[in-house]
Amino acid sequence: MAVEAAAGPAKGRTVVRNIGLMLSGDLGRPILDADAILIEDGRIAAIGRLKDLPDAPGAAVIDARGCAVAPGLVDSHVHPVFGDWTPRQNQLGWIESFLNGGVTTMISAGEVHLPGRPRDIVGLKALAIAAQRSFANARIAGAKVLAGAPVLEQGMVESDFADLAAAGVTLLGEVGLGSVKAGYEAREMVAWARKHGIQSTIHTGGPSIPGSGLIDKDTVLEADADIIGHINGGHTALPEGHVCELCERSTRAIEIVHNGNEKIAIAAVQAARDLGQLHRVILGTDSPAGSGVQPLGILRMISLLSSLGGIAPELAVCMATGNTARIRNLDSGLLEAGRAADLVFMDRAQHSAGRDMLDSIRLGDIPGIGMVMVDGAMRCGRSRNTPPAERVPEPLGH
Ligand SMILES: [Zn+2]
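Report on the accompanying structure.

What counts as what
- Going along each chain's sequence as written, the residues are numbered from 1 onward.
- Thresholds applied to this predicted model are a pLDDT of at least 70 for local features of residues and 80 or more for the giving and counting of side-chain atom pairs; totals over whole chains, interfaces and linings are not thresholded and use all residues.
- Excluding hydrogens and water, the side-chain values take into account all heavy atoms of the structure.
- Sites may look incomplete because water is not among the atoms; the donors themselves are N, O and S atoms within 2.8 Å of the metal, or within 3.2 Å for Na, K and Ca.
- A run of H or I in DSSP becomes a helix once it reaches four residues, and a run of E becomes a strand once it reaches two; helices and strands are each numbered from the N terminus.
- Partly exposed residues are those whose accessible area sits between 20% and 50% of the maximum for their type, while under 20% is buried and over 50% is exposed, using a 1.4 Å probe and protein chains only.
- Two strands make a pair as long as DSSP finds a minimum of two bridges between them.
- As a rule, the C-alpha atoms of each element are fitted with a line to give its axis, helices using only the stretch in contact, and angles between N-to-C directions run from 0 to 180 degrees.
- Here, nonpolar core means buried Ala, Val, Leu, Ile, Met, Phe, Trp, Tyr and Cys residues that are tied together by side-chain atoms lying within 4.5 Å of each other.
- Here, residues are in contact when the closest pair of their heavy atoms is within 4.5 Å.
- Counted as a polar contact is a pair of N or O atoms within 3.5 Å, where, for protein atoms, one must be capable of donating a hydrogen and the other of accepting one, and residues adjacent in sequence contribute only when both atoms are in side chains.
- Whether a crossover is right-handed comes down to one check: with the strands pointing away from the viewer, does the path from the first strand over the helix to the second run clockwise; if it does, it is right-handed.
- Small angles under 35 degrees read as roughly parallel and large ones over 145 as roughly antiparallel, with 65 to 115 read as roughly perpendicular and the rest as oblique.
- Left-handed describes a crossing whose near helix is turned anticlockwise from the far helix through less than a right angle; right-handed describes the clockwise counterpart.
- In the scheme used here, Gly and all other residues not listed as nonpolar or charged are polar, with Ala, Val, Leu, Ile, Met, Phe, Trp, Tyr, Cys and Pro taken as nonpolar and Asp, Glu, Lys and Arg as charged.

**Focus on the coordination of the zinc ion**
In a perfect tetrahedron of four donors around a metal, the angles come out at 109.5 degrees. In a perfect octahedron of six, they are 90 or 180 degrees. At the metal site, the zinc ion is ligated by Glu174 (OE), His203 (ND1) and His230 (NE2), and these contacts range over 1.8 to 2.3 Å. Mapping the donors of the zinc ion onto the primary sequence yields the spacing E-x28-H-x26-H. Of this pair, Glu174 sits in the loop between α3 (158-166) and α4 (183-195) while His203 sits in the loop between β15 (201-202) and α5 (217-223), and the two are 29 residues apart along the sequence. Considered together, Glu174 and His203 belong to a single accessibility category, that of buried residues.

**Observations regarding the sheet that holds strand β12 (residues 103-108)**
The strands making up a sheet associate through backbone hydrogen bonding, with each pair oriented either parallel or antiparallel. The strand order across the open sheet formed by three strands is β9-β12-β14, and the pairing between neighbours is parallel. Each of the sheet's edge strands pairs with one partner strand only, and the pair in question is β9 (73-78) and β14 (144-146). Along the sheet, successive strands turn relative to each other by an average axial angle of 20°, direction set aside. In terms of strand pairing, β9 meets β12 through four bridges, oriented parallel.

**Points about helix α8 (residues 297-307)**
Counting buried residues along α8, nine of its eleven residues qualify, which places the element largely inside the surrounding structure. Along α8, the positions that sit buried rather than exposed are Gly297, Ile298, Leu299, Met301, Ile302, Ser303, Leu304, Leu305 and Ser306.

**Quick word on the nonpolar core**
Among the nonpolar cores identified, the biggest contains 81 residues, and Ile231, Ile256, Val281, Leu283 and Ile302 are the most heavily contacted of them. It is helix α7 (residues 262-274) that provides the largest number of residues to this core, a total of seven residues. The residues contacting Ile231, other than those within four sequence positions of it, are Thr204, Val243, Leu246, Cys247, Ile254, Glu255, Ile256, Ile264 and Ala268. In this structure, Met22, Ile37, Ile44 and Leu343 belong to the second largest nonpolar core, which totals 17 residues.

**Some thoughts on the sheet that holds strand β18 (residues 281-284)**
Within the open sheet, the four strands sit side by side as β15-β16-β17-β18. Their pairing is parallel. The sheet is open, and its two borders are formed by β15 and β18, each paired with just one other strand. Here strand β17 (residues 253-257) runs beside β18; their pairing, made up of four bridges, is parallel. Across the sheet, Glu255 pairs through a bridge with Ile282, a residue of β18. Here α7 sits on the sheet in contact with β17 and β18, set at roughly 150° to β17.

**What about the side chain of Ser332?**
Checked against the element boundaries, Ser332 lands in the loop between α10 (322-328) and β19 (343-347). When sequence neighbours within four positions are dropped, the list of residues in contact with Ser332 reads Thr105, Ala325, Arg339, Ala340 and Asp342.

**A word on the environment of Trp85**
By secondary structure assignment, the location of Trp85 is in strand β10 (residues 85-86). Considered as a pair, Trp85 and Ile95 are ten residues apart in the sequence and their alpha carbons are 8.3 Å apart. In this view, Trp85 contacts Asn90, Gln91, Leu92, Trp94 and Pro115; residues no more than four positions away in its chain are not counted. Engagement of the side chain of Trp85 in a polar contact is seen with the side chain of Asn90, the distance being 3.0 Å.

**Structural notes on the pairing of β17**
Counting buried positions over the five residues of β17 gives five, a clear majority of the element. Of the two faces of β17, the one lined by Ala253, Glu255 and Val257 and the one lined by Ile254 and Ile256 are each fully buried. In this sheet, β17 lies alongside strand β16 (residues 227-228) in parallel orientation, the contact comprising two bridges. Pairing of Ile228 across the sheet is with Ile254, part of β17. Taken together, β16, helix α6 (residues 240-249) and β17 constitute a β-α-β crossover, and its handedness is right-handed.

**A few points about the environment of Ser307**
By secondary structure assignment, the location of Ser307 is in helix α8. Polar contacts involving the side chain of Ser307 include one to the main-chain carbonyl oxygen of Ser303, which spans 2.7 Å.

**Concerning unusual backbone geometry**
The general pattern is negative phi for most residues beyond glycine and trans for most peptide bonds. Here the residue pair Gly234 and His235 is connected by a cis peptide bond, since its omega of 15° sits within 30 degrees of zero. Locating His235 in the fold gives a position in the loop between β16 and α6. The omega torsion across Ser287 and Pro288 is -5°, close enough to zero to call that bond cis. Tracing the chain through its elements places Pro288 in the loop between β18 and α8. Its identity as a non-glycine residue notwithstanding, Asp375 has a phi of 50°, on the positive side. Mapped onto the fold, Asp375 is located in the loop between β20 (368-374) and β21 (377-380).

**Some details on the packing of helix α2 (residues 121-137) against α3**
Contact geometry of α2 with α3 gives a least axis separation of 10 Å together with a crossing angle of 20°. Comparing their axes, α3 and α2 come out roughly parallel. When the axes of α2 and α3 are compared, the crossing they make is right-handed. On the side of α2, the interface is formed by Ile121, Lys125, Ala128 and Ile129, while α3 contributes Asp160, Asp163 and Leu164. Tallied by class, residues from the contact of α2 with α3 come to four nonpolar, no polar and three charged.

All we've got here are geometric facts, nothing functional implied.
Pasting the structure below:
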């Protein structure tokens with residue numbers, strides 16, 4: 001298991017040149033007219049044409065060899081426990097596998113699979129704080145895992161949220177996975193969480209496993225959590241009309257997941273598009289789960305929404321990067337100066353029918369990954385999980 005202390009960013013400068021396609025992650029300008037990135041101490045210092053970048057004597061050079069570069073993908077909905085182990089399918093190495101799928105940041109929707117998960121209030125607070133610390137202190141394979149997402153239980157009071165916030169907890173686990181299931185109860189706790197700077201997500205749809213319950217559209221609207229978690233169900237979705245109504249009547253983020261109903265995923269993204277609100281759409285896997293772990297889940301969502309949902313591939317990429325970064329207040333997820341240099345290098349998969357990478361996504365294929373970088377440090381070269389990319393970047397040294 002590749003675990004390391006949360007090291008600082010890569011020191012020094014790196015120039016990435018010969019980038020064939022620059023996918024910004026920004027819906028307003030998804031493709032940049034640029035072929036090079038200057039990285040300094042793990043952050044993007046400049047983006048543009050190579051000839052226009054500031055001089056960087058002594059910089060390391062990476063020849064992208066015409067590959068596309070996008071911000072590292074963000075999985076808005078995972079269920080980690082500790083380290084790179086998941087008890088859900090008793091698997092090891094799942095986070096490292098996701099990194100090989102281009103995911104550089106994952107956000108916990110609750111450490112709900114911990115065997116014997118505490119449901120008493122002091123216990124659930126302790127777990128959240130321990131999980132936050134564990135993933136902040138140890139980077140698994142270099143991936144950023146934002147964890148420590150307590151599941152709401154009845155009896156919590158405002159001071160519990162103040163305590164959690166003071167201890168560094170910034171997320172709630174999916175509302176509805178604990179004993180708080182009624183809209184009015186959830187609404188009060190979500191408001192306390194928000195007041196103390198803790199972001200909330202609500203489970204939407206039918207029960208995910210025996211023991212969890214239905215959260216219907218009226219409960220989602222009443223609870224008013226910051227993120228309509230897995231609006232396409234996890235796995236069982238609400239009726240399509242209810243999902244469209246949630247998109248219309250709520251202003252909150254619309255999270256679409258791999259571990260959900262694919263038909264409703266497309267209905268949700270098209271409802272957001274028709275409302276002119278694609279900026280609300282963010283992507284997750286909702287894994288590990290009953291359907292396993294999906295290292296390529298975010299790439300597959302991009303391909304699904306593009307090929308069957310009619311969303312331009314460069315816009316679908318934004319839903320897995322910049323949209324999530326803005327909604328989740330991440331310092332990555334967009335190719336712009338000052339952001340963390342979390343980058344994924346991709347190209348058309350070998351023998352795809354698409355004429356180029358974007359066209360291959362439009363046709364339903366997933367791209368091949370040739371390199372993943374976190375905070376300016378290379379974390380994997382040619383992905384062990386994607387189909388092979390036609391071209392892969394080449395580090396040329398200094
Ligand atoms: Zn759920």
